[in-house]
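Listed below are the residues making up each chain.
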Amino acid sequence: MDFRLPQEIELVRDTAREVVDNEIGPRASTVDREERFSRENWKRLAEIGFLGFLIPEEFGGTATPDAPNALALTVALEEINRGCAATGVAMSVQNSLIGGPIVRFGTEEQKARHLPAIAKGDCIGAYALTEPGHGSDAAGIETRAERRGDRYVLNGRKAWITNAPVAGLVIVFATVDPARRSKGITAFLVDAGTKGFRVGPKERKLGIRGAETAEIVLEDCEAPVESRLGDEGDGFRIALSTLDGGRIGIAAQAIGIAQACLDASRRYAVERTQFGKPIAEYQPIQWKIARMGVGIEASRLLARRAATLRDRGEPHTIEAAMAKLHASQVANTAATDAVQIHGGAGYCCEFPVERYFRDAKITEIYEGTSEVQHLVIGRELLKEVTP
């Protein structure tokens, strides 16, 4: 089996690497400190075509029937997150959670209306599934969608929504009948300027501080029937399919953070001297470096396998869950080791490993907690057992 990337994806990787090293990476600490969405980074991502990986060329993206681009997106996200995880997650949402589901489930009219602006970055997207009382239990969401003639009226609250303060378009999941659980959930494309749509104050977060997050409140918010994504009751299926892709994106984010930890730790270990020689010559440091390297490579293979299956249109739920679970664990271990290698310096804001440590934690929480990934993987593996 050839594990080399196709030449066109190597070009994507090299482009991302150059932009990160020269632009996005140097801005990362400022973005984190100021807790702001980086318009500079967003504009640059749009210029190099990184906001339309999954959008067909006819709508301004870069995807083609022969190159659906999930793998290219995964490789690009590894690099962008190596430089700035806050920018990386915003990019992941725009591609995997907004552009992707509209391409897969939208009408031709919806595609023509929304996809060009998404690919250009003129319209920033958000994905509103989680609620204050329903995170992992997505089938139990309480936001209501009441049909009134040619429109639905939405009422409810959505929590922890990435990009909410800057979004122009939001995919909102609501139920037409709570008693139907997952079968009542329906998805809507809601313009942020719609009457009855309100964004709460920005959340103050441990990490990815430059990715703006907030609650969304819906109070008699009207959504025309034409804004419905898929049929009534299709929302849960859309959400799960979308999250399979999103989990690959978060795995890529975790890989990028872990790679940044490894890069910083290698540099520091050869520069820092203790007891007359670089700390890189001590076995405990070498073991930490080795653990990072092995974990990153294993995670990279898992994520790229899942992305390849998605590009082929083959089932990949368990592969996406494995990639996210393993990569997020690796990122957190790598971040802890990186801080330890740096010692007291790693505990100070002047060194980037402090930011990596804070950024890594969220990868075990959003788009399906590690506990949920264990459940998904266990359930899928047990399906293969014949009583």
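One can find the structure itself at the top, above this paragraph.
Cut-offs used in this document
- Residues numbered from 1 in each chain as written.
- Predicted model: local features only at pLDDT ≥ 70, side-chain atom pairs only at ≥ 80, totals over all residues.
- Heavy atoms only, no water.
- Helix = DSSP H or I, 4+ residues; strand = E, 2+ residues; numbered from the N terminus.
- Buried < 20%, exposed > 50% of the residue type's maximum accessible area, 1.4 Å probe, protein only.
- Lys, Arg positive; Asp, Glu negative; His and termini not counted.
- Salt bridge = Lys/Arg side-chain N within 4 Å of Asp/Glu carboxyl O.
- Contact = heavy atoms within 4.5 Å.
- Phe/Tyr/Trp six-rings, centres within 6.5 Å; stacked < 30°, edge-to-face > 60°.
- Lys NZ or Arg CZ within 6 Å of the ring centre and 35° of its normal.
- 1 Å grid on protein atoms, 1.4 Å probe; cavity = no way out; pocket = protein on both sides within 12 Å on 5 of 7 lines; lining within 4 Å.
- Points joined across faces, edges and corners; volume = space filled by probe spheres on them.
- Nonpolar A, V, L, I, M, F, W, Y, C, P; charged D, E, K, R; others polar.
- Pairing = 2+ DSSP bridges.
- Arc of directions from axis to C-beta.
- Core = buried A, V, L, I, M, F, W, Y, C linked by side-chain atoms within 4.5 Å.

A.B. asks: Before we move on, could you go through the side chain of Glu319 and cite the residues and values that matter?
C.D. replies: With respect to the helices, strands and loops of the structure, Glu319 is situated in helix H8 (residues 317–342). For the buried Glu319, no salt bridge is present, and the opposite-charge side chain at shortest range is Arg305, 4.7 Å distant. Setting aside its immediate chain neighbours within four residues, Glu319 contacts Leu302, Arg305, Ala306 and Leu309.

A.B. asks: Hey, could you go over the packing of aromatic side chains for me, with residue numbers and the actual values?
C.D. replies: Per the counting criterion, the structure on display carries five aromatic pairs. Ring centres of Phe50 and Phe53 lie 5.0 Å apart, and the angle between their planes is 45°; on these two criteria the pair is classed as tilted. The pair Phe50 / Phe53 is uniform in exposure class, with both members buried. A centroid spacing of 5.1 Å and a plane angle of 65° characterise the contact between Tyr127 and Phe173, whose relative ring orientation is edge-to-face. With Tyr127 in strand E1 (residues 125–128) and Phe173 in strand E4 (residues 169–175), this pair connects stretches of sequence that are 46 residues apart. Over the ring of Tyr282 we find Lys277; its NZ or CZ atom is 4.7 Å from the centre of that ring.

A.B. asks: Quick one: what's the story with the layout of surface pockets, residue by residue and with numbers?
C.D. replies: Any empty space left between the atoms is revealed when a probe the size of a water molecule rolls over them. Roughly 1100 Å³ of internal volume is contained in the largest pocket. Thr130, Ile365, Tyr366, Glu367 and Gly368 are, among the 42 residues lining the largest pocket, the residues nearest its centre. Elements with a contribution of two residues or more to the lining of the largest pocket: helix H4 (85–105), strand E3 (151–162), helix H6 (235–271) and helix H10 (370–383). Here the residues of the lining of the largest pocket are counted per class, giving 22 nonpolar, nine polar and 11 charged.

A.B. asks: Outline the pairing of strand E2 (residues 144–148), supporting the account with residue identities and numerical values.
C.D. replies: Every regular strand shows the same layout, with side chains that alternate between the two sheet faces. Pairing of E2 with E3, which is carried by five bridges, proceeds in the antiparallel orientation. If you follow Arg147 over to E3, its bridge partner there is Tyr152. Linking E2 back to E3 in an antiparallel pair, the connection comprises two residues, with Gly149 at a positive phi of about 65°.

A.B. asks: Go over the pattern of salt bridges, please, and point to the residues and values.
C.D. replies: On inspection of all chains with the given rule, the structure shows 28 salt bridges. Among the ionic pairs, Asp32 bridges to Arg358, the shortest N-O distance being 2.7 Å. Separated by 326 residues along the polypeptide, Asp32 in helix H1 (residues 7–34) and Arg358 in helix H9 (residues 353–360) bring together distant segments of the chain. Here Lys158 ties to Glu131 by a salt bridge, and the two come within 2.9 Å at their closest N and O atoms. Taken together, the positions of Lys158 in strand E3 and Glu131 in the loop between E1 and E2 put the pair 27 residues apart, joining distant regions of the chain.

A.B. asks: Residue-level account of helix H2 (residues 39–47), with values.
C.D. replies: Taken together, the buried positions of H2 are Asn41, Trp42, Leu45 and Ala46. Angular distribution of buried residues about the axis of H2 spans 135°; they occupy a single face of the element. Where H2 is buried, its residues touch H1, helix H3 (70–83), H4 and helix H5 (108–120). Downstream of H2 by a residue or two, Gly49 has a phi angle that is positive, lying close to 80°.

A.B. asks: Kindly report on the nonpolar core, identifying the contributing residues and their values.
C.D. replies: The biggest cluster of nonpolar side chains holds 71 residues, and the ones touching the most others in it are Phe50, Phe53, Ile80, Met91 and Cys261. Only H1, H2, H3, H4, H6, helix H7 (283–312), H8 and H9 provide two or more residues apiece to this core. Here this core takes 14 residues from H6, the largest share from any one element. Not counting residues up to four positions away in its chain, the partners in contact with Cys261 are Met292, Ala334, Ala335, Ala338 and Tyr356. If you look at the next biggest cluster of nonpolar residues, it comprises 25 residues, including Ala138, Ile185, Leu229 and Ile238.

A.B. asks: Now, about the pairing of strand E7 (residues 213–224): what can you tell me, with residues and values included?
C.D. replies: Bridge count between E3 and E7: nine bridges; the pairing is antiparallel. Bridge pairing in E7 links Lys158 to Ile216. In terms of strand pairing, strand E6 (residues 197–202) meets E7 through four bridges, oriented antiparallel. Of the residues in E7, the one forming a bridge with Val199 is Ile216.

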